[in-house]
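# Geometric and topological summary
Residue strings, one per chain:
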Amino acid sequence: MTIDFDEVLPYIGEWGKYQKLVFWCICIPVCIPCAFHSFLQVFLNAIPPHWCQVSELKVGGYEDAAILNLSIPIVETAFGEKTFSQCLMYDVDYESLLSQNVTWTPNTSWPTTACVNGWAYDHSTYETTVVTDWDLVCGQDWAGMMTYTVFSFGNLCGNFIFGFIQDWIGRKRAFFICLTVEIVFGIATAFAPGLISYTVFRFLVGLTIPQIFVIPLVIALELVGPSKRGFTTLMQCLAFSLGLLLLAGVAYLIRDWQHLALATSIPFIAFYAYWWFLPESARWLLATNKVDAAEALIQTMARVNGKQIQPNLLQNLIVIICSITDCAVFPKILF
């Protein structure tokens, strides 16, 4: 035989004070780290305008605008726009030209070559990014997209891993493991010494996406009655969208990628305070035959919701159901 937790909700309240407190004060705020880390790499991996570094002209005291005009050829983009090349420079002897001490202009017939002294970057929008620190442009521009791919692969793997963990040790502990992984490797991202370690850290953060959003959503859906499940789902999706807006604001204020990685990870340490308030899933407790723990949770929910219920409501319901069905074994609880 089976007992559905929805049969218990009418006794303790389907959308009472307890569910509202858990939902608005816990389940909604924890959507923010998921939103932050889902799209953080848009800013960490941003590619600002760049051009070949011509050290001879830089040493000669030329400003960036003059260097562009004198050393960078004009190319046509795929959209038909003419702009300075980001990967080519004129292949001439700049020291010789400078030694002539005359005003000179580039000749479009000059040969061109790939950047030989690295790149110069426009820092008007971003102070630093992963791309500017490690020169992931031109022939290395595939690397930035590769980190996105690895991060997304982590999302896929995390769904399986944390799905198993939830069923094994419960929703609550799975959430805090997920939170710990995201915080630890989110902070580690800021100290990545190179591309390989950065990619590994982003993969590990990716394991938590979207589970750090899904686990609280599942807890919320399991606590409320059927009539409020659509509402709670919608509100958490809106909270995720709000998190994206907050991320844009944080990225606007913090233009250095390492500081941004820290700013989008360290504040969520505060969420460990939820350990004392976030309930375990009553359905998981019942499904794993932890009836005493489920009974304690139900009694707490009823008390906060102002409902008067029997001291052993679950046990009494089981006895009633067993009195009209054949309960040869302990009942299996329905999710």
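A brief structural summary. The model shown is predicted, which means the values in this text are computed figures rather than measured ones.

We now examine the overall build of the protein chain. The helix and strand inventory of the protein chain stands at 17 helices and 8 strands. Relative to a compact globule of 335 residues, whose C-alpha radius of gyration would be 20 Å, the protein chain shows 29 Å and is clearly more extended. In terms of its C-alpha atoms, the protein chain occupies a principal-axis envelope of roughly 105 × 35 × 35 Å. Evaluated residue by residue, the protein chain yields a buried proportion of 46% over its 335 residues. Sequence separation of 24 or more characterises 73% of the internal contacts of the protein chain that already satisfy a separation of 6 or more. When the accessible surface of the protein chain is summed, it comes to about 16600 Å², and 64% of that surface belongs to carbon and sulfur atoms.

For the structure shown, the criterion picks out 1 cavity of 30 Å³ or more. Here the largest cavity defines a volume of roughly 40 Å³. Forming the walls of the largest cavity are Phe43, Tyr126, Thr128, Thr129, Ala251, Ile254, Arg255, Asp256, Trp257 and Leu260.

With that settled, consider the state of the cysteines. The final tally for this structure, using the stated rule, is 2 disulfides. A disulfide bridge connects Cys52 with Cys115, and the sulfur atoms are separated by 1.8 Å. One quick way to see it: the torsion about the S-S bond of Cys52 and Cys115 is about -70 degrees, and its sign makes the bridge left-handed. Placement of Cys52 in strand S2 (residues 50-52) and of Cys115 in the loop between strand S6 (112-114) and strand S7 (119-121) is noted, with a sequence separation of 63 residues between them. Each sulfur of the disulfide joining Cys87 and Cys138 lies 2.0 Å from the other. Between Cys87 and Cys138, the S-S torsion sits near -100 degrees, and that sign places the bridge as left-handed. Taken together, the residues Cys87 in the loop between strand S4 (82-84) and strand S5 (88-90) and Cys138 in the loop between helix H8 (130-134) and helix H9 (142-169) connect sequence positions 51 residues apart. Left unpaired, Cys157 is separated from the closest cysteine sulfur, that of Cys178, by 14 Å.

What counts and how
Residues numbered from 1 in each chain as written. Predicted model: local features only at pLDDT ≥ 70, side-chain atom pairs only at ≥ 80, totals over all residues. Heavy atoms only, no water. Helix = DSSP H or I, 4+ residues; strand = E, 2+ residues; numbered from the N terminus. Rg over C-alpha atoms; globule rule 2.2 N^0.38 Å. Buried < 20%, exposed > 50% of the residue type's maximum accessible area, 1.4 Å probe, protein only. Contact = heavy atoms within 4.5 Å. Areas by Shrake-Rupley, 256 points an atom, 1.4 Å probe, with all protein chains shown as cover. 1 Å grid on protein atoms, 1.4 Å probe; cavity = no way out; pocket = protein on both sides within 12 Å on 5 of 7 lines; lining within 4 Å. Points joined across faces, edges and corners; volume = space filled by probe spheres on them. Disulfide = S-S within 2.5 Å.

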